[in-house]
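Remarks on the overall topology
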Amino acid sequence: MIPATMKKFFLPILVLFLFIQCKNQPAIPTGLVVEKAMVVSAREEASKVGADIMANGGNAFDAMVGTQLALAVAYPRAGNIGGGGFMVYREADGAIGSLDFREKAPKSAHRDMYLDSLGSVIINMSTLGATSVGVPGSVAGILEVHKKFGKLPLAAIFEPVITMAENGVVVTAKQADMLAQYREVFTEVNSDSTKFGAVYKEGDIITYPKLAATLRTIVEKGKDGFYKGEIAQKLANFIQKNGGFVTEDDLASYDVVWRKPIAFNYKGLKIISMSPPSSGGVTMNQIFDMIAPFDIGTFGHNSEKTIQVFTEASRRAYADRNYYLGDPDFVDIPLDVLLKDSYLEDRMTDFSFDKATKSSDVSHGKVEIVESMETTHYSIVDEEGNAVSVTTTLNGNFGSKLYCDELGFFLNNEMDDFSSKAGVPNMFGLIGAEANNIQPEKRMLSSMTPTIVEKEGELWMVVGTPGGSTIITAVAQTILNAYEFDMSMQDAVNAPRFHHQWLPDIVTFEPEGFSTELKTSLKAKGYFINEERTPIIGKVDAIRVLADGSLEGGADKRGDDMAVGF
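Each value, and the rule that gives it
Residues numbered from 1 in each chain as written. Predicted model: local features only at pLDDT ≥ 70, side-chain atom pairs only at ≥ 80, totals over all residues. Heavy atoms only, no water. Helix = DSSP H or I, 4+ residues; strand = E, 2+ residues; numbered from the N terminus. UniProt positions renumbered as here; feature names shortened; annotations may be inferred. Contact = heavy atoms within 4.5 Å. Core = buried A, V, L, I, M, F, W, Y, C linked by side-chain atoms within 4.5 Å. Buried < 20%, exposed > 50% of the residue type's maximum accessible area, 1.4 Å probe, protein only. Expected span 1.5 Å × (residues − 1).

1. A few points about unusual backbone geometry
- For the bond running from Pro-276 to Pro-277, omega is 20 degrees, close enough to zero to count as cis.
- Counting through the fold element by element, Pro-277 comes out in the loop between strand S9 (269–273) and helix H11 (280–291).
- Cis geometry is found at the peptide bond from Leu-503 to Pro-504, where omega equals -5 degrees.
- By the secondary structure assignment, Pro-504 is in the loop between strand S16 (498–499) and strand S17 (508–509).
- The backbone phi angle of Lys-267 is positive, close to 50 degrees, even though this residue is not glycine.
- Relative to the elements of secondary structure, Lys-267 occurs in the loop between strand S8 (262–266) and S9.
- Despite not being glycine, Asn-395 has its phi angle at roughly 90 degrees, a positive value.
- Structurally, Asn-395 can be placed in the loop between strand S11 (387–393) and strand S12 (403–404).

Laid out in structure tokens, this is it:
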């Protein structure tokens, strides 16, 4: 029998031991679990195309090509061949890299192109119709990936997508609502006879015969089939006929760039993410370095202390983001300073749990960041262990709203991601800095954050999301949910999210999952809470490698997203 004095000694140790044991237990999967390979994307049809490609002998890179194309058919609000994006990859042997297939400004572009004679920004010129279109990069991106890493013939990858385009895709309830919401602007930008001027209801089937024909030309002629010749001529003529700037020469000159990804450590993890012109990797690196000294795991998931630490780190990282970051081919970015431990330690010296830091007291620049939310992301892992994380976009919902009926796809409005005029907000409230001004053939700044995570040197997670400026915090919180708070992949994706980006000085909480008491307590400490109707934050699509090597998908419940694998 243990004496009472000994019980008092041993009981706290036993409780602590049990807590540590529970924390170290791997989370029970709650998402789809498969043995070999998986794709998670915004639509089941696209995920299935990618998974089938791998089941038929293709690798993750082949599946990336197929999934990108399938999203252009099944999810045209953001899936595209008329936009651009970023890919981060990790090969089975641990080699990492990234591809920048972001859109570029036309050669005729200049910093004042969206200003009137008085120097004021011309309403809608950078957001709606042909004047907002940048040179698209998606086709060059997928063809470059296939050229470097592909296993299957290009025709075998394209064929199921061409078949899908010809046979059609069923309209979901969410898609029907979205198409109805934008029908009027489709006809305004195009005409009453445009394909998306029609009424589409849930359960209807939309076919894309013109897109199928465009894809057949690309298969037959490769990159030149899109960027030169008949398609390029038709596309450039269509854009210019509608008042835009992209020429055949702009298309012929487009090239992708292989870039070195941002890679950094957080406790036991190595996080690999996209480098500029994406701001995602740099900003997330800063956030994780600033929260690392705090024991987030013991604070509790979405607890007051966790929210404070994450919010204050985000406040400081976003303050740097738009002031310093831009296209590295045009702007000198002081990454050696921005990612230096001593610099980031100094950034948090004025943080206190007692009260909020005011954004007005945090440098740098008067830069408000509110980008378009309408991107899409997909994550892929193949049987060999190759991993691909891709975020792609048209910028706004359906991009410029300009639909090329002859070729079968929407065109981007990425020119609005530049600073049309320093200090003047764009359509989404973004007030830009000189680093992101408009120049010929320059790539516009982005928050897209395709990410791959290693744990103990092995592939552990593939993750990313749409969501404009909220992308970075949504990806970071999903990683923390799985690592610090021991959630399954699906639960980590489903968990309610919050966001702060320095300006406006507001913490935004998703509609559910945060108590009134929590918000009241934060307000008492000086935090400004978004009291209006709050949006969902991101649609995260992620994959985690489990201890036995199988894969758990996390497909965001906020959309029609779906994990498919075998």
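2. Comments concerning the UniProt feature "active site" (unreviewed entry) in the chain
- In the numbering used here, UniProt assigns the "active site" (unreviewed entry) feature to Thr-375.
- Relative to the helices and strands, Thr-375 is located in strand S10 (residues 375–381).
- Apart from the residues within four sequence positions on either side, Thr-375 is in contact with Ala-78, Thr-391, Thr-392, Thr-393, Met-448, Pro-466, Gly-467 and Ile-471.

3. A look at the nonpolar core
- The biggest cluster of nonpolar side chains holds 84 residues, and the ones touching the most others in it are Met-64, Met-87, Phe-158, Phe-196, Phe-226 and Ile-380.
- The element best represented in this core is helix H3 (residues 60–74), accounting for 11 residues.
- Other than its neighbours up to four places away in sequence, Met-87 contacts Phe-61, Met-64, Gly-97, Ser-98, Leu-99, Phe-101, Val-145, Trp-258, Met-274, Val-388, Ser-389 and Val-390.
- Residues Val-88, Met-274, Val-453 and Ala-482 belong to the second largest nonpolar core, which totals 81 residues.

4. Some thoughts on helix H5 (residues 154–167)
- Taking 1.5 Å per residue as the helical rise, H5 with its 14 residues ought to reach 20 Å, and the 20 Å between its terminal C-alpha atoms agrees with that figure.
- Inspection of H5 places Leu-154, Ile-157, Phe-158, Val-161, Ile-162, Met-164 and Ala-165 among the buried residues, and these make up the whole buried set.
- The elements touched by buried residues of H5 are helix H2 (44–55), H3, helix H4 (138–149), strand S5 (169–170) and helix H7 (209–221).
- Positive backbone phi, at 100 degrees, marks Gly-168, one or two positions downstream of H5.

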